Amino acid sequence: MFQILVSDSMSSEGLKPLLESPLVNVVQKKVDEAANELHIFDALLVRSATKVTNELMKKMPNLKIIGRAGVGVDNIDINAATKNGVVVINSPDGNTISTAEHTFAMMSALMRYIPQAYVTVKSNEWNRGAFVGTELYGKTLGIIGFGRIGTELAKRAQAFGMDVIVYDPFLTEERAHEIGVRNHTLDELLTAADIITVHTPLTKDTKGLLGKYNIGKTKKGVYLINCARGGIIDEDALVHYLENGHVKGAALDVFVVEPPVNNKLLKFSNLIATPHLGASTKEAQLNVAAQVSEQVLRFLEGKPVASSINLPTLSKEVFQKIQPFYQLAKKMGNLSSQFMKIPVKEISIQYEGSVAELETSFITKSVLAGFLEPRVDTTVNEVNAGLITKERGITFSEKISSNTSGYENCLAVKVTGNKHVFEIKGTYIPNYGERIIGINDFNIDFYPAGHLLYIHHCDKPGVIGRVGQILGNHEVNIATMQVGRKEKGGEAIMMLAVDHSLDEKVLHDLKACDDISAVKTFDL
Ligand SMILES: NC(=O)C1=CN([C@@H]2O[C@H](COP(=O)(O)OP(=O)(O)OC[C@H]3O[C@@H](n4cnc5c(N)ncnc54)[C@H](O)[C@@H]3O)[C@@H](O)[C@H]2O)C=CC1
Ligand SMILES: O=C(O)CCC(=O)C(=O)O
């Protein structure tokens, strides 16, 4: 019989598939309370309170699967789980509606001073003049991050007669059109919206996305809402703009540190807050607990699971053969995504040589997983990459090619957006490693790892020297450098590996250089 530890409070209705199964025994205890019996458990079910660290996993040698009843898996050390051979699953859409509704409730409460007014009435005050609110009708709602929750929120705002504009660099025009919203640039959204709400994952691109600079571009009197993850709206910047009155009010469900400790934001009467309640409804908790219970049971019964976010489902032998290509494919997908920070319609992958004889569908999924990684909240892997790609309105295909590029094996990825196409080619050379051998029409040869700097330039004497000079001036050490060109004196590219990530100042100086037409950085 499998032993299951449920360590955070979860809907017992949702846990029914497990509680009623003759295959499993369910223990509902906090990890601390189960300290002496941790070694017996095959599965661990959590919400966000239990921190699933490598240390905890080490105390659970029987652990096979962790089920997160919710979306964000930031409380689970996924890398450690993968290393320990533990599958992690979540319930990506079980709490979408609840979180969208909570955001809507926060917006209404914010604009009508409901929490502030409630406190005064309870204190026997009757001060109607102090709480003259603002209608939602006719206002422009700016949604940053238009995934599951952003989409549901938009539908509700439209029903209230709001004009909805969105910013999501990965949203296709077709999908925006389908939902009846307009995708804008971030600057357009910042300057046009009366209310701005964020619904992105917390990534290195979204951390502080609404910081001092960007909030400074918003309308005076703007309202800001964060029901996604603490830190997407920079907390110090928000303090600054609440203090000077530029931001008329803010609503937060999430904080950088939860629960907030000595947080200056809490002193503002025009800031309303809830303790991370987005998903706290009976329905959402039932949905997420039921989804996770069913998947855990399937897994323990040896059946495939739908929402696994870390491990592949291949036999060890097959996996070993494709592992080098799987890693190369992931990096190629990731590079393509970073090159094409725009909506993408199609991804096609072509296999040539010995790699074409392997289980290419798995390698394709690895390209997709690498591509999606910078764009979505949850860790995407070969199990869920196809599904998520389709959900994002992106089609994908694979083809076995009879081309001969001169390499023993070659993988080519082509990513198509509305106006731009990006192509990348890679190969794996045994005992030598992964190489990127082509970018668009340029032949090049570099190892895809670390901090990379890409420069598109004119093939003229002195350009390489100027790049070296600028990097030297900024104390940036160059580890390797490769150059590719189509013809003498024509367009050329260079790819440099440097010792640390580059800041805006370095990029600015490079971009200002004559004969350089594009500069991009990548971290792999
Ligand atoms: N307060 C709460 O209790 C809850 C909070 N959440 C949080 O809400 C967030 C969104 O959840 P979902 O909508 O389910 O996720 P999702 O993955 O469906 O949507 C996220 C969207 O953000 C977009 N995005 C990624 N990087 C971006 C960037 N740099 N700029 C603009 N857009 C970007 C993606 O393209 C995607 O469309 C997550 O962080 C999640 O953890 C989710 C559930 C409950
Ligand atoms: O109530 C919870 O478990 C937190 C929900 C959440 O933030 C998520 O699902 O990402």
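Please read all numbers here as calculations on a predicted model, not as lab measurements.

Novice: Quick question: what am I supposed to make of the pairing of strand E21 (residues 491-498) here?
Specialist: Summarising burial for E21: seven of the eight residues are buried, a large majority. Bridge analysis of strand E20 (residues 478-485) against E21 gives seven bridges, and the strand direction is antiparallel. By the bridge assignment, Arg485 is partnered in E21 with Ala492. Here E20 folds back onto E21 in antiparallel fashion, the turn holding five residues, of which Gly489 has a positive phi close to 80°.

Novice: Teacher, can you tell me more about the packing of helix H15 (residues 463-473) against helix H16 (residues 504-511) here?
Specialist: Think of two packed helices as two axes; the pair is described by the angle between the axes and how far apart they sit. H16 packs onto H15 with a crossing angle of 155° between their chain directions and a minimal axis gap of 10 Å. Taken together, H15 and H16 sit at an angle that is classed as roughly antiparallel. Two packed elements cross with a definite hand, and for H15 against H16 that hand is right-handed. Between H15, through Val467, Ile470 and Leu471, and H16, the contact on the second element is made entirely by Val506, Asp509 and Leu510. When its residues are assigned to classes, the contact of H15 with H16 shows five nonpolar, no polar and one charged.

Novice: Please explain the environment of Ala284 as it appears in this structure.
Specialist: As for its position among the elements, Ala284 is in helix H11 (residues 282-300). The sequence separation of Ala284 and Gly14 amounts to 270 residues, and the corresponding C-alpha distance is 9.7 Å. What Ala284 contacts, discounting residues up to four positions off in sequence, is Gly94, Asn95, Ser98 and Ala279.

Novice: I'm lost on the UniProt feature "domain: ACT" (unreviewed entry) in the protein chain in this one. Help?
Specialist: With numbering aligned to this structure, UniProt lists the feature "domain: ACT" (unreviewed entry) at residues 452-524. Its end C-alpha atoms 8 Å apart, residues 452-524 is made of 26% helix and 42% strand.

Novice: Just to check I follow, could you spell out the nonpolar core for this structure?
Specialist: Most often, soluble globular proteins keep nonpolar side chains buried together rather than apart. Ile347 and Ile439 are the most contacted members of the largest nonpolar core, which has 42 residues in total. Of the residues forming this core, the biggest block, eight residues, is contributed by helix H12 (residues 316-339). For this core, the domains that each give at least three residues are domain 3 (314-440) and domain 4 (450-524). Residues within four places of Ile347 in sequence aside, it is in contact with Leu368, Phe371, Ile394, Thr395, Phe396, Ser397, Val413, Lys414 and Val415. One finds Ile165, Leu209, Leu238 and Ala250 within the second-largest nonpolar core, a separate group that totals 29 residues.

Novice: Explain the packing of helix H4 (residues 96-111) against helix H6 (residues 148-159) to me, please; I cannot follow it from the model alone.
Specialist: Look at H4 against H6: their axes get within 8 Å of each other, and the N-to-C directions meet at 50°. By the angle class used here, H4 and H6 are oblique. The crossing of H4 and H6 is right-handed. On H6, the residues that touch Thr96, Ile97, Thr99, Ala100, Glu101, Thr103 and Phe104 of H4 are Arg148, Ile149, Glu152, Leu153, Arg156 and Ala157. Residue composition of the contact of H4 with H6, grouped by class: six nonpolar, three polar and four charged.

Novice: Just checking my understanding: could you explain the site of ligand 1 for this structure?
Specialist: Not every one of the 27 residues close to ligand 1 is listed here, only the nearest: Arg148, Ile149, Asp168, Asp253 and Arg392. Within the backbone of Arg148, an N or O atom sits 2.9 Å from an oxygen atom of ligand 1. Contact between ligand 1 and Gly278: an oxygen atom at 3.5 Å from a main-chain N or O atom of the residue. Surface burial for ligand 1 is 97%, taken as the share of its 870 Å² of free accessible area covered by protein chains. Residue composition of the shell around ligand 1, by class: 10 nonpolar, nine polar and eight charged.

Novice: Before we go on, may I ask you to explain a negative patch on the surface in this structure?
Specialist: Taken together, Glu423, Asp441, Glu487 and Glu491 make up a surface patch of like negative charges. Position of Glu491 relative to the elements: it lies in strand E21.

How each quantity is defined
- Position labels on residues start from 1 in each chain and follow its written sequence.
- A letter from A marks each chain and a number from 1 marks each ligand, given out in the order of writing.
- Totals for whole chains, interfaces and linings use every residue, but because this is a predicted model, local features are given only for residues with pLDDT of at least 70 and side-chain atom pairs only at 80 or more, for both listing and counting.
- Excluded from the side-chain calculations are hydrogens and water; all other atoms, namely the structure's heavy atoms, are used.
- Residue exposure (1.4 Å probe, protein chains only): buried if accessible area is under 20% of the type maximum, exposed if over 50%, otherwise partly exposed.
- For helices the rule is a DSSP run of H or I covering at least 4 residues; for strands it is a run of E covering at least 2, with both sets numbered from the N terminus onward.
- The pairing criterion for strands is at least two bridges between them, as found by DSSP.
- Here an axis means a line fitted to C-alpha atoms, over the contact stretch when the element is a helix, while the angle between two N-to-C directions is reported on a 0 to 180 degree scale.
- Between 65 and 115 degrees an angle is taken as roughly perpendicular, under 35 as roughly parallel, over 145 as roughly antiparallel, and anywhere else as oblique.
- Note on convention: the crossing is left-handed when the near helix lies turned anticlockwise from the far helix by less than a right angle, right-handed when the turn is clockwise.
- Contacts were defined at the residue level, with two residues in contact if any of their heavy atoms lie within 4.5 Å.
- Residue polarity is assigned by list, with Asp, Glu, Lys and Arg as charged and Ala, Val, Leu, Ile, Met, Phe, Trp, Tyr, Cys and Pro as nonpolar; anything else, Gly included, falls into the polar class.
- UniProt positions are given in the numbering used here, feature names are shortened, and annotations may be inferred rather than shown by experiment.
- For our purposes a nonpolar core is just a set of buried Ala, Val, Leu, Ile, Met, Phe, Trp, Tyr and Cys residues, chained together by side-chain atoms within 4.5 Å.
- Residue ranges labeled as domains rest on an automatic or database domain assignment.
- Definition of nearness: a residue and a molecule or strand are near each other if at least one heavy atom of the residue lies within 4 Å of the molecule or strand.
- By the criterion applied in these results, polar contacts are pairs of N or O atoms within 3.5 Å in which, for protein atoms, one can donate a hydrogen and the other can accept it, and in which residues neighboring in sequence qualify only through two side-chain atoms.
- Computed with the Shrake-Rupley method and a 1.4 Å probe, the accessible areas treat only the protein chains shown as cover for residues.
- Within this analysis, patches are made of residues with over 30% relative accessible area and no salt bridge. Like charges are joined at 9 Å or less; nonpolar side chains (Val, Leu, Ile, Met, Phe, Trp, Tyr) at 5 Å or less.
- What makes a salt bridge here is a side-chain nitrogen of Lys or Arg within 4 Å of a carboxyl oxygen of Asp or Glu, nothing more.
- By the counting scheme adopted, Arg and Lys are positive, Glu and Asp are negative, and His together with the chain ends is not counted.
- Charge coordinates come from a single atom per side chain, which is NZ of Lys, CZ of Arg, CG of Asp or CD of Glu.

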